[in-house]
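# Analysis of the macromolecular model
Single-letter residue listing:
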Amino acid sequence: MAKTFPKLVFWGLHAWVLAYVGVLLGAFTIQFVEGEFPCPLCMLQRYGMILSTLGALWVIMQARRGDLTPVRYMQGMGLGVLGAAAGALVSVRQILLHIKPGDPGYGSAVMGYHLYTWALITFYIVVLFVAVLSILAPVGIPEAPKSSGALTLSSIVVWVFVILVAANVIAIIFLEGFAWVLPDDPTSYNLIDQITGG
């Protein structure tokens, strides 16, 4: 078990990345298929998820290079918690904006909860996951597998996340247009409106 646990942690970090890939793809589905535009707080929560996941990616890449030390491992885990904490603060802010009885909340509910509530749940899960990994750190410093197939799978996960981050950057540019901030309740892509004069 002691020999396989570091490899399990390595793939557990990939599960963290894939979980947020799924969440961000779900947000994109609601944005582009359902036509619900994300508000500034929604985008900040996405950024919290991205920042948090960068911590996991840092550890994955260090492990793949064979350069992972306990200090670098803790730095990656710290970045993960920092992103989750920042995202959780924004989620709580948005929940409190809609806490008044009868307030319908912002956007559609998914399984009874709005996306910002689900985001808060995911941030808590990240903090709990990092806490468990930190407790087990003496025996659980991630170790990358040696097989080329496993490393290819790892690369695919990393690149899917990188592409999703790029898509979020493009989406925010289209949402904000030539402005410093996103409108509180966006109803269109400002960049297209500004270019077309709409």
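Here's a quick rundown of the structure. The shown structure was predicted, so the numbers you read here are calculated from the model rather than taken from an experiment.

This next bit is on a nonpolar patch on the surface. On the surface, Leu128, Val132, Ile135, Leu136 and Val139 cluster together into a nonpolar patch covering about 470 Å² of accessible area. Examining the composition of the nonpolar patch, we find that three residues originate from one element, helix α4 (residues 115–135), more than from any other.

Another aspect to go through is the nonpolar core. Ranked by size, the top nonpolar core spans 35 residues in total, and within it Leu13, Trp16, Val17, Tyr73 and Met77 carry the most contacts. Looking at this core, the elements that each hand over two or more residues are α1 (5–32), α2 (40–65), α3 (70–97), α4 and α6 (148–176). Residue contacts for Leu13: discarding those within four places in its chain leaves Ala56, Val59, Ile60, Met77, Phe129, Leu133 and Pro142.

What describes two packed helices is the angle between their axes and the distance between those same axes. At a minimum axis distance of 10 Å, the contact between α1 and α6 shows a crossing angle of 30°. Judged by the twist between their axes, the crossing of α1 over α6 is left-handed. Between α1 and α6, the residues in contact are Phe10, Trp11, His14, Val17, Leu18, Val21, Leu24, Leu25, Phe28 and Gln31 and Ala150, Leu153, Ser154, Val157, Val160, Phe161, Leu164, Ala167, Asn168, Ala171 and Leu175, respectively. Considered class by class, the residues forming the contact of α1 with α6 number 17 nonpolar, four polar and no charged.

Bringing α3 into the picture now. With 28 residues, α3 should cover 40 Å at 1.5 Å per step; its first-to-last C-alpha distance of 41 Å lies within 8% of that length. Taken together, the buried positions of α3 are occupied by Tyr73, Gly76, Met77, Gly80, Gly83, Ala84, Gly87, Ala88, Val90, Ser91 and Gln94. On its buried side, α3 packs onto α1, α2, α4 and α5 (137–140).

Moving on: α2. Compared with an ideal rise of 1.5 Å per residue, which puts 26 residues at 38 Å, α2 spans 37 Å between its outermost C-alpha atoms and is within 8% of the ideal. Directly after α2, the chain includes Gly66, whose backbone phi takes a positive value near 80°.

Let us look at the environment of Leu164. In this fold, Leu164 is placed in helix α6. When the C-alpha positions of Leu164 and Gly105 are compared, they lie 27 Å apart, and in sequence the two are 59 residues distant. Setting aside its immediate chain neighbours within four residues, Leu164 contacts Val21, Leu24, Leu25 and Phe28.

Calculation rules
Residues numbered from 1 in each chain as written. Predicted model: local features only at pLDDT ≥ 70, side-chain atom pairs only at ≥ 80, totals over all residues. Heavy atoms only, no water. Patch = residues over 30% accessible without salt bridge, like charges linked within 9 Å, V, L, I, M, F, W, Y side chains within 5 Å. Areas by Shrake-Rupley, 256 points an atom, 1.4 Å probe, with all protein chains shown as cover. Salt bridge = Lys/Arg side-chain N within 4 Å of Asp/Glu carboxyl O. Helix = DSSP H or I, 4+ residues; strand = E, 2+ residues; numbered from the N terminus. Core = buried A, V, L, I, M, F, W, Y, C linked by side-chain atoms within 4.5 Å. Buried < 20%, exposed > 50% of the residue type's maximum accessible area, 1.4 Å probe, protein only. Contact = heavy atoms within 4.5 Å. Axes fitted to C-alpha atoms, helices over the stretch in contact; angles between N-to-C directions. Left-handed = near helix turned anticlockwise from the far one by under 90°. Nonpolar A, V, L, I, M, F, W, Y, C, P; charged D, E, K, R; others polar. Expected span 1.5 Å × (residues − 1).

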